[in-house]
Amino acid sequence: MPKKSGSDYEDLSLDELDQVIIDLSNERAVLRERQLAVTAVYDAKAAAAKLDRVAATLSDAEKAALLQQIRVDAAASAEAVGTPRKV
């Protein structure tokens, strides 16, 4: 249905107005899904950029210690959910 201005709605029947409301609700749902998808990508990129900034300030020893802690945490997490360890 073509977009109408507020005054154009006055000429519509109740059934037509119902359909306009349904169409607008559907459009809003589609836009919301798109917004959620874009937000998820944005959040992931922002987190990666922040991680890059923080990592740039770490010494090699700090990076090695952080990597070791990540490995320990990942192993503990895998064991908690029953994921078999890779040998």
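Just above, that's the structure.
Residues numbered from 1 in each chain as written. Predicted model: local features only at pLDDT ≥ 70, side-chain atom pairs only at ≥ 80, totals over all residues. Heavy atoms only, no water.

Enquirer: Quick question: what am I supposed to make of the overall build of the protein chain here?
Expert: Summing up its helical and strand segments, the protein chain has two helices and zero strands in all. When burial is assessed residue by residue, the protein chain has 2% of its 87 residues classed as buried. Accessible area for the protein chain stands at about 7,700 Å²; split by element, carbon and sulfur atoms hold 60% of it. (Helix = DSSP H or I, 4+ residues; strand = E, 2+ residues; numbered from the N terminus. Buried < 20%, exposed > 50% of the residue type's maximum accessible area, 1.4 Å probe, protein only. Areas by Shrake-Rupley, 256 points an atom, 1.4 Å probe, with all protein chains shown as cover.)

Enquirer: Mind showing me how you'd approach helix H2 (residues 60-81) here?
Expert: Count 3.6 residues to each turn of an α-helix, and residues three or four apart come out pointing the same way. Here H2 spans 32 Å end to end across 22 residues, near enough to the 32 Å set by a 1.5 Å rise per residue. Just downstream of H2, Gly82 is the residue with a positive phi angle, here 80 degrees. (Expected span 1.5 Å × (residues − 1).)

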